[in-house]
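One-letter residues, chain by chain:
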Amino acid sequence: MNSFRTESDLLGELQVPTSAYYGVQTQRALNNFKISNHKLNHYPIFVKSLAIVKLAAVETNFSLGLIEEPLKDVIVAACSDLIAGKYIDDFPIDMIQGGAGTSVNMNANEVIANIALEKLGHEKGDYQYCSPNDHVNLSQSTNDAYPTALKLALFQSSKKVTDALEKLFFSLDRKAKEFEHVIKMGRTQLQDAVPMTLGQEFEAFAYTLKKEIPYLQEHSFQFLEVNMGATAIGTGLNAPKGYAQLCTEKLATLMNEPVKLAENLVEATSDTSSFVAYTGALKKIAIKLSKICNDLRLLSSGPRAGLYEINLPAKQPGSSIMPGKVNPVIPEVVNQVCFRIIGNETTVSYAAEAGQLQLNVMEPIIALTLFDSIDILANAIDTLRVECIEDITANVAYLKNEVQNSIGIVTALNPIIGYKNSTKIAKQALEENRSVYDLILEHNILTKEQLDTYLDPKNMLSSH
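In this report, the structure presented in the accompanying data block is examined. This is a predicted model, so every value here is computed, not measured.

### Concerning the overall build of the chain
Scanning the chain from terminus to terminus reveals 19 helices and eight strands. Computed over C-alpha atoms, the radius of gyration of the chain comes to 30 Å, more than 25% over the 23 Å expected from 2.2 N^0.38 for 464 residues, which places it beyond the range of a compact globule. Taking the principal axes of the C-alpha coordinates as reference, the chain spans close to 100 × 50 × 35 Å. Counting only residues that meet the buried cut, the chain has 50% of its 464 residues in that class.

### Brief notes about helix H15 (residues 409-417)
For an α-helix, the turn length of 3.6 residues means that residues three or four places apart are oriented alike. Burial in H15 covers these residues: Ile-409, Val-410, Leu-413 and Ile-417. Buried residues of H15, seen end-on, are gathered within an arc of 80 degrees and therefore sit on one face of the element. Looking at the buried residues of H15, the elements they touch are strand S3 (183-188), strand S4 (191-197), helix H14 (396-405), helix H16 (419-432), helix H17 (436-442) and helix H18 (448-454). With its phi angle positive at about 90 degrees, Gly-418 sits one or two positions after the end of H15.

### Thoughts on the pattern of salt bridges
By the definition in use, this model includes 25 salt bridges. Here Glu-257 ties to Lys-159 by a salt bridge, and the two come within 3.3 Å at their closest N and O atoms. Of this pair, Glu-257 sits in the loop between helix H9 (243-255) and strand S6 (260-261) while Lys-159 sits in helix H6 (residues 142-178), and the two are 98 residues apart along the sequence. Of the residues examined, Lys-159 reaches a relative accessible area of 37% and is grouped as partly exposed. We note a salt bridge from Lys-315 to Glu-387, for which the minimum N-O separation is 2.7 Å. Residue Lys-315 is located in the loop between strand S7 (310-311) and helix H12 (329-353), and its partner Glu-387 is located in helix H13 (residues 363-387); the two are separated by 72 residues in the primary sequence.

### Structural notes on the layout of surface pockets
As a volume, the largest pocket reaches approximately 410 Å³. Lining of the largest pocket is provided by 22 residues; of these, Ser-300, Gly-302, Val-326, Asn-327 and Pro-328 occupy positions nearest its centre. Residues of the lining of the largest pocket, tallied by class, amount to 12 nonpolar, six polar and four charged.

### Some thoughts on the state of the cysteines
Scanning the entire structure with this criterion turns up zero disulfides. In this model Cys-338 remains outside any disulfide bridge; the closest cysteine sulfur is found in Cys-293, 6.1 Å from its own. In this structure Cys-338 comes out as buried when scored by relative accessible area, which is 0%. Unpaired in terms of disulfides, Cys-388 finds its nearest cysteine sulfur in Cys-293, a separation of 7.3 Å.

### Brief notes about unusual backbone geometry
The omega torsion of the bond from Gly-302 to Pro-303 falls at 10 degrees, within 30 degrees of zero and hence cis. For Asn-256, which is not glycine, the phi dihedral falls at a positive 55 degrees. Positionally, Asn-256 belongs in the loop between H9 and S6. In this structure, Asn-433 takes a positive phi of about 55 degrees despite not being glycine. With respect to the secondary-structure elements, Asn-433 resides in the loop between H16 and H17. For Asn-433, a relative accessible area of 72% translates into the label exposed.

### Remarks on the pairing of S4
Direction of pairing for S3 relative to S4: antiparallel, over a ladder of five bridges. Bridge assignment links Met-185 to a residue of S4, and that residue is Pro-195. Taking the residues that link successive antiparallel strands as the turn, the S3-S4 hairpin has two residues, and the phi of Gln-189 there is positive, at about 55 degrees.

### Looking at the packing of helix H2 (residues 44-63) against helix H3 (residues 69-83)
Put simply, H2 and H3 touch, their axes get as near as 8 Å, and they point 165 degrees apart. Considering their axes alone, H2 and H3 lie roughly antiparallel with respect to each other. Where H2 crosses over H3, the two elements pack in a sense that is left-handed. The residues of H3 that touch H2, namely those facing Lys-48, Ala-51, Ile-52, Lys-54, Leu-55, Val-58, Glu-59 and Phe-62, are Glu-69, Lys-72, Ile-75, Val-76, Cys-79, Leu-82 and Ile-83. Looking at the contact of H2 with H3, its residues break down into 10 nonpolar, no polar and five charged.

### Comments concerning the environment of Lys-177
With respect to the element layout, Lys-177 can be found in helix H6. Through-space distance from the C-alpha of Lys-177 to that of Gly-98 is 53 Å; in sequence the pair is 79 residues apart. A polar contact is formed between the side chain of Lys-177 and the side chain of Asp-173, at a distance of 2.6 Å.

About the cut-offs
Residues numbered from 1 in each chain as written. Predicted model: local features only at pLDDT ≥ 70, side-chain atom pairs only at ≥ 80, totals over all residues. Heavy atoms only, no water. Helix = DSSP H or I, 4+ residues; strand = E, 2+ residues; numbered from the N terminus. Rg over C-alpha atoms; globule rule 2.2 N^0.38 Å. Buried < 20%, exposed > 50% of the residue type's maximum accessible area, 1.4 Å probe, protein only. Arc of directions from axis to C-beta. Contact = heavy atoms within 4.5 Å. Salt bridge = Lys/Arg side-chain N within 4 Å of Asp/Glu carboxyl O. 1 Å grid on protein atoms, 1.4 Å probe; cavity = no way out; pocket = protein on both sides within 12 Å on 5 of 7 lines; lining within 4 Å. Points joined across faces, edges and corners; volume = space filled by probe spheres on them. Nonpolar A, V, L, I, M, F, W, Y, C, P; charged D, E, K, R; others polar. Disulfide = S-S within 2.5 Å. Pairing = 2+ DSSP bridges. Axes fitted to C-alpha atoms, helices over the stretch in contact; angles between N-to-C directions. Parallel < 35°, antiparallel > 145°, perpendicular 65-115°, else oblique. Left-handed = near helix turned anticlockwise from the far one by under 90°. Polar contact = N/O pair within 3.5 Å; in protein donor to acceptor, adjacent residues only side chain to side chain.

Taken by themselves, the reported measurements are silent on function.
Laid out in structure tokens, this is it:
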């Protein structure tokens, strides 16, 4: 049988499980917000960031003479426990909630207070000795503590995406080198264009993603500008003079990152543009990644009636009815993740636009959406690299034959054999369904040795 303790708040008394380190306001959030399957404790990095914010706050309050040392020490110890990953189950509230994050902030305040109370030898809920509001939340508001913790958590989480991108870049770059002498036809508008190498194609894949790494990092660094000390609306009411700067400096030390105080705290408290910019950067990556996956599916289509230029690693049977069919399941799943990222960008944009006057109350959905985007995008990038890219092979002989039979090589040979000869050969090849390569030899326009030399990738393709 579960036992309960009675706690009270503005709305009256409420039963809280005796074993719980959270308190009455967290219990109300549990009762009120049964929305999704995404709980605060599913995001330990967010909980740790909340604890870091509370740790910086209590150390600042102690430095300014607002809290006594014994109480400061147990609050610091409680925050350190959370940073170490303890008590994670005591953050059970839904990530989607009303109240601009108040429930999240109070969840952290209550857990820290009750851990501190036990360390002092008191019962959980005996808040006269350590209060979630008067001590743990001293000199703070949800409106500065919550977005600061969220930004610090997102900054740290973003490294998962950049790390995954770097690994994928190196994997694609290795493939580019492996395929650097494999000639193939390039295409525009899905029609034969001019020859290129498969290495050039994969090098383009690698380079387009490489460019996004510093771009994403640049946007993640915007999260290091915080509004600690703003309290409710940015005026600093209930935070003592010097608190904002000192608390921010302590955050920078704890994070070992260049955390800085926003120049205008009223503006910073209502502004969510850093989230908009960051989700836009994730969307840009998703669009590029989805295009690459589209190309991989096209290039591997077949094996008899498609392009059949490359072979993706076989991962599972492709049909319950068609024997022998193997589908490009890894690019397909990455495509779907990219669609989700693109949709998430819309969610964040609408939530940011919904801000009113001195606060944006929609930050909880921004938080959930960005954590979702970061997690699934990093996972998708790793999956594409490990389960697909690293084991791609090329159908070298088939590709060479396609080039020799393509009308497109006339364009590459035009500077050598002249426009008139090129036009004549192209027309005959189309009308008679014959090989350009064979027709050039038949008309004695070039010798086989000359033609093979000109069609050698290192001679035919630009070096820059």
